[in-house]
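Coordinates in review
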Amino acid sequence: MLKTTYLLLVDTLRDKAFLFWMVAFPAILMVIYGAVFGGGGEPAKAPVFLYADSSLGQLLKDVLNETYDLKLVSQVDDPKAFVLRETARLRKPATLVMANGSSIHIYSVSNIWGGIVAGAVYGLVYQYYYPNLTVPVDVKLEIIGAANATSMFAQGPTRTATVLVLVEAMAAGIQEVLALFGGLTISGLNKRAALFRVSKLNVVASAVASSLLSSFAGVAAVFAVAKFYGVEIWRIALSWHVWVAYILNYLFFAGIGLLMTNAMTVRKADVSVLMNLGTMIFLLFAFTTGYYIPLEVMPESMARFALAMPTSYTATFATVSVLGGEAPISMLAYPAAAAAAVFALGLRLVKLHPKL
């Protein structure tokens, strides 16, 4: 029995898929979650805008400026439009505090930062009027985007559904492309394509198009569950902003998938190993650029990395538009250039067969 156990253990430890999923993958997740929740580095400061024309204005300014990235504004015509515009500009959820006479209204697109700022304002108001039993100022928090301050979704259900739609594009771009070319390599159809002189462009275009179309099955699944949670899915489905961001995400990751394909077709790398590596790259972007983990809970250093990635631009462009804001088309210049460059490089360098 001991000998058999030893032999099976050695065989297991030689399995590359086991080594990835049971050893490397948990370590990668620990690095990611440790960076986010481990308390390392300075916490990211919430961008807060203050408009005040009441006696509380100066006190709000002094207190909020200690903790948040506070900016004073002299005029706000449409509070919701203002918050969404600043969210698009900063690519971080913005919060607006408006103190008008006997009321303080707080607007935010983030349940996390909005709730924290509202809590600070509540405490300040009670301290200001202490020891009065009644507070003559009404403090109200409004989360933009069909959400409320106690939602189970940290990013709000509408924002969450939009982000998960874009995640489908990321996953399909790299994983489906690798899976298709891995299947061609295992079956030998890549060699047949070379033998019958099927052009590389034809094969690549067909693989990319088929994986893109198949990704919409995942989108449909996201829509079905989102509708159960009360999301107005038509806002997402009818937004051209979402689908432009979707295509850019897809092309960026499809380009990475094409670049990785040569390891299978030319260097005879194990297909399962490449698939695992593709999964790791996808999850790295999904976890560290604001898709699975909101920017609000990231330390400042990690948030800066997230905001430097093209995927943060596409996520903000889509979510701000779905929430009713106007994201400028100029936001897509960087992700469009990145997607075009990576996909073009992948198309140029990919080989279906060592002799091609």
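Before reading on, note that the structure itself is shown above.
Residues numbered from 1 in each chain as written. Predicted model: local features only at pLDDT ≥ 70, side-chain atom pairs only at ≥ 80, totals over all residues. Heavy atoms only, no water.

Let us look at the overall build of the chain. When helices and strands are tallied, the chain shows 14 helices and five strands. Looking at the 356 residues of the chain, the share that counts as buried comes to 48%. A separation threshold of at least 6 residues defines the contact pool for the chain, and within that pool the share at least 24 residues apart is 71%. Counting only carbon and sulfur atoms, one obtains 64% of the accessible surface of the chain, whose full area is about 17600 Å². (Helix = DSSP H or I, 4+ residues; strand = E, 2+ residues; numbered from the N terminus. Buried < 20%, exposed > 50% of the residue type's maximum accessible area, 1.4 Å probe, protein only. Contact = heavy atoms within 4.5 Å. Areas by Shrake-Rupley, 256 points an atom, 1.4 Å probe, with all protein chains shown as cover.)

This part is about the sheet that holds strand E4 (residues 103-108). Read across the open sheet, the five strands follow the order E2-E1-E3-E4-E5; overall the sheet is mixed. Lying at the two open borders of the sheet, with one neighbouring strand each, are strand E2 (69-72) and strand E5 (138-143). Across this sheet, the average inter-strand angle for adjacent strands is 20°, counted without regard to direction. Where strand E3 (residues 95-100) and E4 come together, six bridges link them in antiparallel fashion. Considered in E4, the bridge of Asn 100 is made with Ser 103. Packing of helix H4 (residues 79-90) onto the sheet brings it into contact with strand E1 (47-52), E3, E4 and E5, and relative to E1 it is tilted by some 150°. (Pairing = 2+ DSSP bridges. Axes fitted to C-alpha atoms, helices over the stretch in contact; angles between N-to-C directions.)

So, about the pattern of salt bridges. Tallying each qualifying case throughout the model produces six salt bridges. Glu 300 is the salt-bridge partner of Arg 304, the closest N and O atoms lying 3.9 Å from each other. Placement of both Arg 304 and Glu 300 in helix H12 (residues 300-308) is noted, with a separation of four residues, approximately one turn of the helix. Residue classification places Arg 304 among the exposed positions, given a relative accessible area of 51%. On the basis of relative accessibility, which here comes to 23%, the residue Glu 300 falls in the partly exposed class. (Salt bridge = Lys/Arg side-chain N within 4 Å of Asp/Glu carboxyl O.)

To continue, consider the environment of Ala 306. Mapped onto the elements of the fold, Ala 306 is located in helix H12. Excluding residues that lie within four positions of it along the chain, Ala 306 makes contacts with Thr 288, Thr 289, Leu 295, Met 298 and Ser 312.

Structurally, the position occupied by Ser 211 is in helix H8 (residues 200-228). Here the side chain of Ser 211 touches Tyr 250 through a polar contact of 2.2 Å, side chain to side chain. Beyond its immediate stretch of four places on either side in the chain, Ser 211 contacts Ala 172, Glu 176, Val 177, Leu 180 and Tyr 250. (Polar contact = N/O pair within 3.5 Å; in protein donor to acceptor, adjacent residues only side chain to side chain.)

The biggest cluster of nonpolar side chains holds 104 residues, and the ones touching the most others in it are Leu 60, Leu 96, Ile 104, Val 121 and Phe 181. In terms of residues, this core owes the most to one element, helix H6 (residues 157-187), which gives 13 residues. Contacts of Leu 60, omitting those with residues within four sequence positions, involve Leu 50, Asn 65, Ala 99, Ile 104, Val 121 and Leu 124. (Core = buried A, V, L, I, M, F, W, Y, C linked by side-chain atoms within 4.5 Å.)

Before going further, it helps to spend a moment on helix H3 (residues 57-67). Restricting attention to buried positions, one finds in H3 the residues Gly 57, Leu 60 and Leu 64. Down the axis of H3, the buried set is contained in an arc of 60°. They therefore lie on one face. On its buried face, H3 is in contact with E1, E2, E3, E4 and helix H5 (111-129). (Arc of directions from axis to C-beta.)

The tally for this structure, following the rule as stated, stands at eleven aromatic pairs. An angle of 70° between the planes, with centres 6.1 Å apart, marks the rings of Phe 216 and Trp 243 as edge-to-face. Highlighted residues: Phe 216 in helix H8 and Trp 243 in helix H10 (residues 240-265), separated in sequence by 27 residues. Given the relative accessible area of 26%, Trp 243 is considered partly exposed. (Phe/Tyr/Trp six-rings, centres within 6.5 Å; stacked < 30°, edge-to-face > 60°.)

At their nearest, the axes of helix H13 (residues 310-322) and helix H14 (residues 333-349) sit 8 Å apart, and the two run at 130° to each other. In terms of their interaxial angle, H13 and H14 are classed as oblique. Two packed elements cross with a definite hand, and for H13 against H14 that hand is left-handed. Of H14, the residues touching H13 (which contributes Pro 310, Tyr 313 and Thr 314) are Tyr 334, Pro 335 and Ala 338. (Parallel < 35°, antiparallel > 145°, perpendicular 65-115°, else oblique. Left-handed = near helix turned anticlockwise from the far one by under 90°.)

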